[in-house]
Amino acid sequence: MSPSKRVADTCNDNLAPYQGRWIARVGKRIVGQGGTPRQALQAAKTARYKEISEIMYIPTTTPFKFPPLVQRVRAALPADLVVYLVGGAVRDALLSQPIHDLDFALPDDALSAARRVADHLGAAYFPLDVERRTARLIYTDEKGTRHILDFATLRGPDLQADLRGRDFTINAIAVDIRSPLALLDPLGGASDLQSKTLRSCSASSFRSDPVRILRAIRMAAGLDLRITADTRTQMRAAVSDLSDVSPERLCFELFRILDGPRPATSIRALDMLGGLSHLLPELLHLKGIDQTPPHIKDVWGHTMGTVRSLEKLLHVLGPEHDPEASANLMLGLAVVRLGRYRKQISAYMQSSLVIDRTLRPLLFLAALYHDVGKPQSSQKEDKTGRIRFLRHEHIGAQIAGERARKLHLSNAEISWLETVVKHHMRPTWLAHEERGPSNRAVYRFFRDTGAAGVAISLLGLADVLATYGHTLPQERWERQLDVTRTLLEAWWENHTRQIDPPVLLSGHDLMQKFDLDPGPLIGELLESVREAQSAGQVQTGDEALAFVEEYLRD
């Protein structure tokens, strides 16, 4: 006779310690417990092998909230088909966080189940691995939100074996979609999640897939988790295997780290594990490269400070005002001067050059590489002892571009990254002008940088904060903020007048009017007219012709 299984309707004080667990009960006596019904039953047989136990799930006080899409998947499949919702969706439900993607696991026939759900939802169907019987659905709902649903066949003889083969215990949690309020948690992932612990599922987790090292760093930073000592040891032992991972997978995980809430902390963790040499080796050369005042740290310390300052700036200038973060004097001044552009900044950072990859992580990559040319350009002046880094931004742009190519970034991303690194000093140079940047200087800045100029302006602020640290004079910071506001105002409010004025003359007009031959002079004249337009000196075609006439006379 097999034991019965059910979910308890209530949870009294005696059962409270077992919340989120399965228990085996004989009468009113608890004789076993576990993360799954089978674990509870096995524990009961060990303690009371002659007695028949009732298996019961003790629910948590907070019910899980899964998206309605789970119900639609359940409705699309036969009632006798066993289907588990696994991994991140269950973890996020436990954390009461929004659930975006859904992963389903089935004992068998995952491909046909996925196709059946796709037909029911009207979703796009993509077989990911026919041999391993995995498929992906992409479904766009009525609001235009895109959802990804993955269907996979269990890897192993049963669910428990499948979960043990996953990366971390907090991701090795499942629910049967027919009974979505009862956790199946053989490895204690829910308990680890509650204690904010990140633990590998097995000793071979990282050897079987070294990318999990990056994933562990990202999840620890994103969920504020403590990685166990054993797990850290396993990560360190497998870190050299990152060299065997494809550039595409490395890039994917790197960008997820840089797009997370604490990229500076994550990069430091990766460095402590010895992972930078396999992912971003050029950064190691920044250590020990001294700098003279106003810099307060060496190039490595400054670089990490720039990344951290960029995190803070993007936070206080994000879509939602954070009074606590803005209480810092320098950040508060940034909010006062630039807060009017928080919506535009947020939209800009969420824009993309390629599908599914925004500018935000790309800007953090630029921050990591903005001074990567300094080791090669370091020169110490004999008389003053000052250290200079002439043209380090040009050298750095080349190095950053080479790394981007090795990561297999798109041509558009490579060009954008090189532009940001190459011109990252220009907002600081503009801040040295006592009267602020002229209209011509603003025009030339965006002529050379395009839309990347917005990112350069924000990186310039982070660069200044990291350069001076606690020694930053308020007047120096206000000048940098004023330059940034001038640049952002030109881009978002005076774009047509200051950055992209209307065409008043063509090359043909110039050749016909002034009897000129085709050549570089024509381009030089047209560019001079556009600069004069941005400065407010020229507004009409006649004024443009008069300007060219005087230009040629001089």
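Everything numeric in this text was worked out from a predicted model, so none of it was measured.

Novice: Mind showing me how you'd approach the overall build of the protein here?
Specialist: Within the protein one finds 27 helices and 17 strands. By its C-alpha atoms, the protein is 110 × 60 × 45 Å across when sized along the principal axes. Split into buried and exposed, the 554 residues of the protein put 51% on the buried side. In the protein, of all internal contacts separated by at least 6 residues, the share reaching a separation of at least 24 is 65%. As presented, the protein carries roughly 27000 Å² of accessible surface, and 49% of it is formed by carbon and sulfur atoms. Separation of charge centres in the protein, based on 70 positive and 67 negative side chains, amounts to 8 Å.

Novice: What's the story with the sheet that holds strand 6 (residues 102-106) in this structure? I'm lost.
Specialist: Two strands in a sheet stick together by hydrogen bonds in their backbones, pointing the same way (parallel) or opposite ways (antiparallel). Taken in spatial order, the seven strands line up as 7-8-9-6-5-10-11 in an open sheet, and their pairing is mixed. This sheet does not close on itself; its edge strands, each paired only once, are strand 7 (124-129) and strand 11 (179-184). Between one strand axis and the next, the sheet turns through 30 degrees on average, direction left out of account. Examined bridge by bridge, strand 10 (residues 174-176) and strand 11 share three bridges and lie antiparallel to one another. Each residue of the ladder has a partner; that of A174, found in strand 11, is L184. With respect to the sheet, helix 2 (residues 68-76) is in contact with strand 5 (84-86), strand 6, strand 8 (134-140), strand 9 (146-153) and strand 11, its orientation differing from that of strand 9 by roughly 45 degrees.

Novice: How should I be thinking about the layout of surface pockets in this particular structure?
Specialist: To find the voids left in a structure, one rolls a probe of water-molecule size over its atoms. Estimated volume of the second largest pocket: approximately 610 Å³. Lining the second largest pocket are 24 residues, and of these H295, K374, R386, M425 and W429 lie nearest its centre. Mapped by element, the contributors of at least two residues to the lining of the second largest pocket are strand 17 (387-389), helix 18 (392-406), helix 20 (426-431) and helix 22 (452-468). Broken down by element, the lining of the second largest pocket gets its largest block of residues, four residues, from helix 22.

Novice: Mind showing me how you'd approach the environment of T61 here?
Specialist: Within the secondary structure, T61 is located in the loop between strand 4 (54-58) and helix 2. In the structure, T61 is positioned 462 residues away from G523 in sequence and 72 Å away in space, judged by C-alpha atoms.

Novice: Hey, could you run me through the nonpolar core in this one?
Specialist: Counting residues in each nonpolar core, the largest one holds 103 residues, and the members touching the most others are L280, L365, L368, Y369, L409, W416 and W477. Element by element, the count of residues in this core is highest for helix 22, at 11 residues. Ignoring any residue separated from it by four or fewer positions in sequence, one finds L365 in contact with F255, L258, L280, L409 and L417. One finds L102, A105, L106 and V117 within the second-largest nonpolar core, a separate group that totals 53 residues.

Novice: Can you walk me through helix 25 (residues 507-514) in this structure?
Specialist: Think of an α-helix as 3.6 residues a turn; residues three or four steps apart then line up on the same face. Regarding helix 25, the residues found buried are G507, L510 and F514. Each buried residue of helix 25 sits inside an arc of 65 degrees when the element is viewed along its axis, so together they form one side. Helix 25 presents H508, Q512 and K513 as exposed residues on the side facing more than 90 degrees away from its buried surface. Taken together, the buried residues of helix 25 touch helix 26 (520-534) and helix 27 (541-553).

Novice: Sorry if this is basic, but what is going on with the side chain of S457 here?
Specialist: Looking at where S457 falls in the secondary structure, it is placed in helix 22. According to the relative accessible area criterion, S457 is buried, its value standing at 0%. Within polar-contact distance, the side chain of S457 engages the backbone oxygen of G453 at 2.8 Å. When residues no more than four places from it in sequence are discounted, the contact partners of S457 are P427, F445, T484, L487 and L488.

Novice: What is the right way to look at the pairing of strand 4 in this model?
Specialist: Note on strand geometry: in a regular strand, side chains alternate between the two faces of the sheet. Of all five residues that make up strand 4, four are buried, and the element is covered over most of its length. Bridge analysis of strand 2 (residues 21-26) against strand 4 gives five bridges, and the strand direction is antiparallel. Among the inter-strand pairings, I23 is bridged to a residue of strand 4, identified as M56.

Novice: Help me understand the environment of H315 in this model?
Specialist: With respect to the helices, strands and loops of the structure, H315 is situated in helix 13 (residues 299-316). Among the residues examined, H315 registers a relative accessible area of 42% and is labelled partly exposed. Ignoring any residue separated from it by four or fewer positions in sequence, one finds H315 in contact with E320, D322 and A325.

Novice: Whenever I open this one, the pattern of salt bridges confuses me. Can you help?
Specialist: Two side chains with opposite charge may pair up if their charged atoms get near one another. Going through the model one piece at a time under the given rule, you end up with 35 salt bridges. The partner of D192 in a salt bridge is R199, with the nearest N and O atoms 3.1 Å apart. When its relative accessible area of 6% is taken as the criterion, D192 is described as buried. On the basis of relative accessible area, R199 is assigned to the partly exposed category, the value being 37%. Of the charged contacts, one joins R249 and D209 as a salt bridge, the two residues approaching to 3.0 Å between their closest N and O atoms. Separated by 40 residues along the polypeptide, R249 in helix 10 (residues 247-258) and D209 in the loop between helix 7 (205-208) and helix 8 (211-223) bring together distant segments of the chain.

Novice: Which parts of the structure should I look at to understand the packing of aromatic side chains?
Specialist: Here the distance between the centres and the angle between the planes together describe a pair of aromatic rings. According to the stated counting rule, one finds eight aromatic pairs in the structure shown. With a centroid separation of 4.9 Å and 20 degrees between ring planes, the pair formed by F104 and F151 is classed as stacked. Taken together, the positions of F104 in strand 6 and F151 in strand 9 put the pair 47 residues apart, joining distant regions of the chain. Take F104 and F151: they sit in the same class, and that class is buried.

Novice: Any chance you could explain the packing of helix 21 (residues 439-449) against helix 22 here in plain terms?
Specialist: Geometrically, a packed helix pair is captured by the angle between its two axes and the distance between the axes. Contact geometry for helix 21 and helix 22: axes closest at 8 Å, N-to-C directions at 110 degrees. Between helix 21 and helix 22, the angle falls in the class roughly perpendicular. Along its contact with helix 21, which presents F445, F446 and T449, the element helix 22 presents A452, G453, V454, I456 and S457. In terms of residue class, the contact of helix 21 with helix 22 is built from five nonpolar, three polar and no charged.

Calculation criteria
The residue numbering used here restarts from 1 in each chain and proceeds along that chain's sequence as written. In view of the model being predicted, local features appear only for residues whose pLDDT reaches at least 70, and side-chain atom pairs are presented and counted only at 80 or more, with totals across whole chains, interfaces and linings using the full set of residues. Water and hydrogen atoms play no part in the side-chain values, which are based on all heavy atoms of the structure. Secondary structure elements are taken from DSSP: a helix is a run of H or I of four residues or more, a strand is a run of E of two residues or more, and numbering for both begins at the N terminus. The rule is simple: take the accessible area with a 1.4 Å probe, protein chains only, and divide by the maximum for that residue type; under 20% is buried, over 50% is exposed, in between is partly exposed. Working rule for contacts: check all heavy atoms of both residues, and any pair within 4.5 Å makes them a contact. Only the protein chains shown count as cover for residues, and all accessible areas are computed by the Shrake-Rupley method using a 1.4 Å probe. This count recognises Lys and Arg as positive and Asp and Glu as negative, with His and chain-terminal groups excluded. The atoms used to mark charge sites are NZ of Lys, CZ of Arg, CG of Asp and CD of Glu. When DSSP finds at least two bridges between two strands, those strands are taken to pair. The convention used is that axes are lines fitted to C-alpha atoms, helices contributing only their stretch in contact, and that angles between N-to-C directions extend from 0 to 180 degrees. Whether a set of points on the 1 Å grid over the protein atoms alone is a cavity depends on a 1.4 Å probe fitting there but being unable to get out, while an open set qualifies as a pocket with protein on both sides within 12 Å along at least five of seven lines; lining residues are those with an atom within 4 Å of a point. Grid points are joined across faces, edges and corners, and a volume is the space filled by probe spheres set on the points. Grouping buried Ala, Val, Leu, Ile, Met, Phe, Trp, Tyr and Cys residues that are joined through side-chain atoms within 4.5 Å yields what is termed a nonpolar core. Here the arc refers to the directions that run from the helix axis out to each C-beta atom. The definition of a polar contact used here is a pair of N or O atoms within 3.5 Å, where within protein one atom must be able to donate a hydrogen and the other to accept one, and adjacent residues in sequence count solely through side-chain atom pairs. Within this document, salt bridges are pairs made up of a side-chain nitrogen of Lys or Arg and a carboxyl oxygen of Asp or Glu, the two lying within 4 Å of each other. Pairing of aromatic rings covers Phe, Tyr and Trp, the last through its six-membered ring, and needs centres within 6.5 Å; plane angles under 30 degrees mean stacked, over 60 mean edge-to-face, and all others mean tilted. Oblique is the label for every angle not falling under 35 degrees (roughly parallel), over 145 degrees (roughly antiparallel), or within 65 to 115 degrees (roughly perpendicular). Only Asp, Glu, Lys and Arg are considered charged, only Ala, Val, Leu, Ile, Met, Phe, Trp, Tyr, Cys and Pro nonpolar, and every remaining residue, Gly among them, polar.

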